[in-house]
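# Survey of secondary and tertiary structure
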Amino acid sequence: MTEQSARSLLLVHAHPDDESINNGATMARYAAEGARVTLVTCTLGELGEVIPPELAHLSGDALGEHRLGELAAAMSELGVKDFRQLGGPGRYRDSGMMGLPDNDDPACFWQADVDEAAAHLLDVILEVRPQVLVTYDPDGGYGHPDHIQAHRVAVRAAELAADAGLPIPRVYFNRMPRPVAEEAFGRLRDRLPGLPFTETAAVDDVPGVVARERITAEIDGTAYAAAKAAAMRAHATQIEVAPDEASFALSNELAQPLFTTEYYELAGGADGAGRVSDLFAGAEETS
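What counts and how
- Residues numbered from 1 in each chain as written.
- Predicted model: local features only at pLDDT ≥ 70, side-chain atom pairs only at ≥ 80, totals over all residues.
- Heavy atoms only, no water.
- UniProt positions renumbered as here; feature names shortened; annotations may be inferred.
- Helix = DSSP H or I, 4+ residues; strand = E, 2+ residues; numbered from the N terminus.
- Buried < 20%, exposed > 50% of the residue type's maximum accessible area, 1.4 Å probe, protein only.
- Contact = heavy atoms within 4.5 Å.
- Polar contact = N/O pair within 3.5 Å; in protein donor to acceptor, adjacent residues only side chain to side chain.
- Disulfide = S-S within 2.5 Å.
- Pairing = 2+ DSSP bridges.
- Axes fitted to C-alpha atoms, helices over the stretch in contact; angles between N-to-C directions.
- Right-handed = clockwise from strand over helix to strand, strands pointing away.
- Core = buried A, V, L, I, M, F, W, Y, C linked by side-chain atoms within 4.5 Å.
- Salt bridge = Lys/Arg side-chain N within 4 Å of Asp/Glu carboxyl O.

In the UniProt entry, the feature "binding site: Zn(2+)" (unreviewed entry) is given for His15, Asp18 and His147. The greatest C-alpha distance among the annotated residues, which extend across 133 residues, is 9.5 Å, indicating that they converge on a single site. By secondary structure assignment, the location of His15 is in the loop between β1 (8-13) and α1 (18-32). Here His15 falls in the buried class, since its relative accessible area comes to 6%. Dropping the residues within four chain positions of it, His15 is found in contact with Thr41, Thr43, Gly45, Arg67, Asp94, His144, Asp146 and His147. Relative to the helices and strands, Asp18 resides in helix α1. Beyond its immediate sequence surroundings of up to four residues, Asp18 is in contact with His13, Asn23, Tyr136 and His147. A polar contact is formed between the side chain of Asp18 and the backbone nitrogen of His15, at a distance of 2.9 Å.

Another aspect to go through is the state of the cysteines. Linking two cysteines covalently through their sulfur atoms gives a disulfide. Under the definition given, this model contains zero disulfides. Cys42 carries a free sulfur, and the closest cysteine sulfur to it, the one in Cys108, is 12 Å from it.

To continue, consider the sheet that holds strand β9 (residues 240-241). A sheet is described by the order of its strands in space; here four strands give the open sequence β6-β11-β10-β9, paired in mixed fashion. Of all the strands in the sheet, the pair left with one neighbour each is β6 (199-200) and β9. With three bridges connecting them, strand β10 (residues 247-249) and strand β11 (residues 254-257) associate as antiparallel partners. Bridging across to β11, Ser247 finds its partner in Pro257. Running at roughly 130° to β11, helix α5 (residues 178-191) makes contact with β6, β10 and β11 of the sheet.

Extensive coverage of strand β5 (residues 170-177) is indicated by the burial of eight of its eight residues. Every second residue of β5 is oriented toward a common face, with Arg170, Tyr172, Asn174 and Met176 on one face and Val171, Phe173, Arg175 and Pro177 on the other, all of them buried. Both strand β4 (residues 132-135) and β5 contribute to a ladder of four bridges, which runs parallel. Within the sheet, the bridge partner assigned to Val132 lies in β5 and is Arg170. Crossover connection from β4 via helix α4 (residues 145-163) to parallel β5: handedness right-handed. Both β5 and strand β12 (residues 261-266) contribute to a ladder of four bridges, which runs antiparallel.

Counting 30 residues, the largest nonpolar core has Leu9, Tyr172 and Leu279 as the members making the most contacts within it. Residue assignment for this core shows that the elements contributing at least two residues are β1, α1, β2 (36-41), α2 (60-78), β4, β8 (217-220), α6 (225-234) and β12. With five residues, α2 is the largest single contributor of residues to this core. Dropping the residues within four chain positions of it, Tyr172 is found in contact with Val132, Leu133, Val134, Thr135, Thr216, Ala217, Tyr264, Glu265, Leu266, Ala267, Val276 and Leu279. Counting residues in hydrophobic clusters, the runner-up holds 29 residues, among them Cys42, Leu86, Leu122 and Ala158.

Right, let's talk about the pattern of salt bridges for a bit. Going through the model one piece at a time under the given rule, you end up with 20 salt bridges. Two residues, Glu245 and Arg233, come together in a salt bridge whose shortest N-O distance is 3.3 Å. Here Arg233 lies in helix α6 and Glu245 lies in the loop between β9 and β10, a separation of twelve residues in the sequence. Residues participating in the shared-partner salt-bridge network are Arg36, Asp82, Arg84 and Glu127.

The structure is reproduced here in structure tokens:
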């Protein structure tokens, strides 16, 4: 096995579509380069708000099943063959937005026992042996309970893997440098009259916006821009991609830039390597 094919990247996300928005270009790039890319999705997004009127009848389990099909289509666009649901399809249900009664459902991911859920993820880690794990920060990027819980479960599983003698050398959080976001939103406002959206979201609506100096990895995925846009478009219940493939909107119909350079922060802060252009930089030497 070559060094390149031995590379293994594991991503942990809350709902189908989160992976394409946050990491689509990164996933497509590493899959094309021969790395093993594994996606674990923690819920099926049964409580997502549906955008197209012709699909508005979907809700609950029917929506979750439909979104699982959207996920498969998105992964095909990104060239990712290994995608799974934590504990199996439907094991953990969507928790809804923070503060809603849905958070109290005993079957929802927010109510899951973290060690139990982490044990399911540990099984994946022991199988695919990742050198790199990507997930959300402790706030889940923007405070959604499923995103927060995904962070907790991913970090706990990494701890359990270390206890089992298989430490993951690099754990990254999804990030977006504030100056990049502000510049991109400025360009988007200039183009807005020609787009199907009437307003833009706010910069702080982008999950994980932080000061530029906190960024420790910058992945240039511009060669995979079309693949990322296609993957996002595959999540048709949740995302509307503009014809220019440079912007998109969620159910709030507020335009956001579609970023093809994706940014990350090393958990625990920089380790002396500075900002890298490869998530595996330094990982294989310590694995």
